[in-house]
Amino acid sequence: MRISVQPGVQSGTNNVARSGMSLRRKAWLAVFAASGLFWIAVALLVWQLWS
């Protein structure tokens, strides 16, 4: 059971936490997308050199 003196403060921090998690998720997605594009470019370069 949670007891809060100021219920408005708790909901505000929860929104900040969600925003931070969303930003972190987008950052990891960008890292994976950039990594994927890099390896696709490497694979195409190798394919071009070997053919």
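Being a predicted model, the structure only gives us computed values, none of them experimental.

Some words on the overall build of the chain
Counting its regular elements, the chain contains one helix and zero strands. By the burial criterion, 0% of the 51 residues in the chain qualify as buried. Carbon and sulfur atoms make up 71% of the accessible area of the chain, which totals about 5,100 Å².

Side note on the packing of aromatic side chains
Going through the model one piece at a time under the given rule, you end up with two aromatic pairs. Relative to W39, the ring of F38 lies with its centre 5.0 Å away and its plane at 75 degrees, an arrangement referred to as edge-to-face.

Description of a nonpolar patch on the surface
On the surface, a nonpolar cluster with roughly 490 Å² of combined accessible area is contributed by L37, I40, L44 and W47. Position of L44 relative to the elements: it lies in helix 1 (residues 7–50).

Reading guide: rules and limits
- Note that residues are indexed from 1 along each chain, following the sequence as it is written.
- With the structure being a predicted model, the display of local features is reserved for residues of pLDDT at least 70 and the display and counting of side-chain atom pairs for 80 or more, all residues being used for whole-chain, interface and lining totals.
- Only hydrogens and water are set aside when side-chain values are computed; all heavy atoms of the structure are taken into account.
- Labels follow the DSSP assignment, with helices taken as runs of H or I lasting at least four residues and strands as runs of E lasting at least two, numbered in each case from the N terminus.
- Whether a residue is buried, partly exposed or exposed follows from its accessible area with a 1.4 Å probe, protein chains only, as a fraction of its type maximum: under 20%, in between, or over 50%, in that order.
- For every accessible area listed, the method is Shrake-Rupley and the probe measures 1.4 Å; residues are considered covered only by the protein chains on display.
- Geometry of aromatic contacts follows a simple scheme: Phe, Tyr and Trp rings, the Trp one being its six-membered ring, pair when their centres are within 6.5 Å, and the pair is stacked under 30 degrees between planes, edge-to-face over 60, tilted otherwise.
- Residues qualify for a patch when their relative accessible area is over 30% and they have no salt bridge, like charges being joined within 9 Å and the nonpolar side chains of Val, Leu, Ile, Met, Phe, Trp and Tyr within 5 Å.
- Counted as salt bridges are all cases of a side-chain nitrogen of Lys or Arg within 4 Å of a carboxyl oxygen of Asp or Glu.

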